[in-house]
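Read off the chains here:
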Amino acid sequence: MSNPVNHNARALTLLILLALIWGTSFILMKRGLLVFSAGEVGSIRVAAASLFLLPIALLKLKELNTRHYPMLFASGMMGIFFPAFLFALAQTRLESSVTGILNSLTPIFTLLIGAWFFHQNFRKQSIIGIVIGLAGTIILILANSGGTISGVNVFALLVILACVFYATNVNYIKFKIIDLRALTITSVSLMLIGPFAIIYLFGFTGFIHKMETQDGAWTAFGFILLLGFMSTSLATILFNKLVKITSPVYTSSVTYLIPIVAVLWGLSDNEQLFPGHFAGMAAIIAGVYLANRKI
């Protein structure tokens, strides 16, 4: 039997590592977007991560049977492919720190989806947390728009949609892909979705032309490669491992800490934050805490 103290320490260590890695991903996206379009950033990120883990994926194929392939493809699309493009597109019009704060909605959606589709318990305290968290999101969006939801802040909805994909995937892995290890899930999922990113990158974008002609392209490309290797390959392995050893809501609680890291990176990059941003962040964190807190 495993030691509960060691188990909790291991889970907490994974949680902190994920927060540091994913909190840094927003500033890496910002650097990549200085040269490349959102579609190029998303596809480079997914393609790089897929190629990085391809040797491991090929070794892990022997662990799979036919029913695993559509499940892993679905997990890869929900947990990696769609969020990579949605976050990159959102960050063309949102500050990286604000994007990180909005990402804190993931535990709320994890709880909702777990209750509605995976028959998880749903407490009154959780409902209160959900309401507070959603109120915080509204405050955060309004803070950047002078009190009206229009123009730039529509892009916040892209982050919210990415959170829904993350939340669905974490429940899906926990309750549907129960017989595979985290490394197998991550590497094979990336192998299955990687070709779509590569086809899009080379067939439908100006990636090659920019690499050949635009100043700063190689530097921006390096930032996106780091994003793919660290924030997609490594982080997804750690995330899926955390899903396996804890609950979906605990795992998604990494997004409690991501805003802190994202905001610190944003401030170091001279981004502006207003009181409404901090009020919204406080409400979101309070909401997800209540939604996750055990009585």
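This structure is a prediction, so every number in the text was calculated from the model and none was measured. (Residues numbered from 1 in each chain as written. Predicted model: local features only at pLDDT ≥ 70, side-chain atom pairs only at ≥ 80, totals over all residues. Heavy atoms only, no water.)

A.B. asks: So what's going on with the overall build of the protein chain? Which residues, and what values?
C.D. replies: Along the backbone of the protein chain there are 13 helices and zero strands. Projecting the C-alpha coordinates of the protein chain onto the three principal axes gives extents of approximately 60 × 55 × 30 Å. When the 295 residues of the protein chain are sorted by exposure, 55% land in the buried category. Surface summary for the protein chain: the accessible area is close to 13100 Å², and the carbon and sulfur share equals 70%. One finds the centroid of the 18 positive side-chain charges in the protein chain at a distance of 19 Å from the centroid of its 8 negative side-chain charges. (Helix = DSSP H or I, 4+ residues; strand = E, 2+ residues; numbered from the N terminus. Buried < 20%, exposed > 50% of the residue type's maximum accessible area, 1.4 Å probe, protein only. Areas by Shrake-Rupley, 256 points an atom, 1.4 Å probe, with all protein chains shown as cover. Lys, Arg positive; Asp, Glu negative; His and termini not counted. Charge placed at Lys NZ, Arg CZ, Asp CG, Glu CD.)

A.B. asks: Which residues make up the confidence of the model for the protein chain, and what values go with them?
C.D. replies: Averaged over the protein chain, the pLDDT score is 86; the fraction of residues at 70 or greater is 90%. Of the regions scoring below 50 in pLDDT, residues 148-152 engages in seven contacts with residues more than four places distant in sequence or in other chains. (pLDDT = per-residue confidence, 0-100. Contact = heavy atoms within 4.5 Å.)

A.B. asks: For the packing of aromatic side chains, give the residues involved together with the corresponding values.
C.D. replies: By the definition in use, this model includes 16 aromatic pairs. Ring centres of Trp-22 and Phe-239 lie 5.3 Å apart, and the angle between their planes is 55°; on these two criteria the pair is classed as tilted. Taken together, the residues span a long stretch of sequence, with Trp-22 in helix α1 (residues 4-32) and Phe-239 in helix α10 (residues 217-245) at a distance of 217 residues. Both residues of the pair, Trp-22 and Phe-239, count as buried. Geometrically, the ring pair formed by Phe-81 and Phe-82 is edge-to-face, given 5.8 Å between the ring centres and 80° between the ring planes. Among the aromatic side chains, those forming a connected cluster through ring pairs are Phe-81, Phe-82, Phe-85, Phe-165, Tyr-200 and Phe-204. (Phe/Tyr/Trp six-rings, centres within 6.5 Å; stacked < 30°, edge-to-face > 60°.)

A.B. asks: Residue-level account of the packing of helix α3 (residues 68-90) against helix α8 (residues 182-204), with values.
C.D. replies: Contact geometry for α3 and α8: axes closest at 8 Å, N-to-C directions at 60°. By the angle between their directions, the pair α3 and α8 is classed as oblique. Considering the relative orientation of α3 and α8, their crossing is right-handed. Every residue of α8 that contacts α3 at Tyr-69, Leu-72, Phe-73, Ser-75, Gly-76, Met-77, Ile-80, Phe-81 and Phe-85 is listed here: Ile-185, Val-188, Ser-189, Leu-190, Leu-192, Ile-193, Phe-196, Ala-197 and Tyr-200. For the contact of α3 with α8, the class distribution of residues is 15 nonpolar, three polar and no charged. (Axes fitted to C-alpha atoms, helices over the stretch in contact; angles between N-to-C directions. Parallel < 35°, antiparallel > 145°, perpendicular 65-115°, else oblique. Left-handed = near helix turned anticlockwise from the far one by under 90°. Nonpolar A, V, L, I, M, F, W, Y, C, P; charged D, E, K, R; others polar.)

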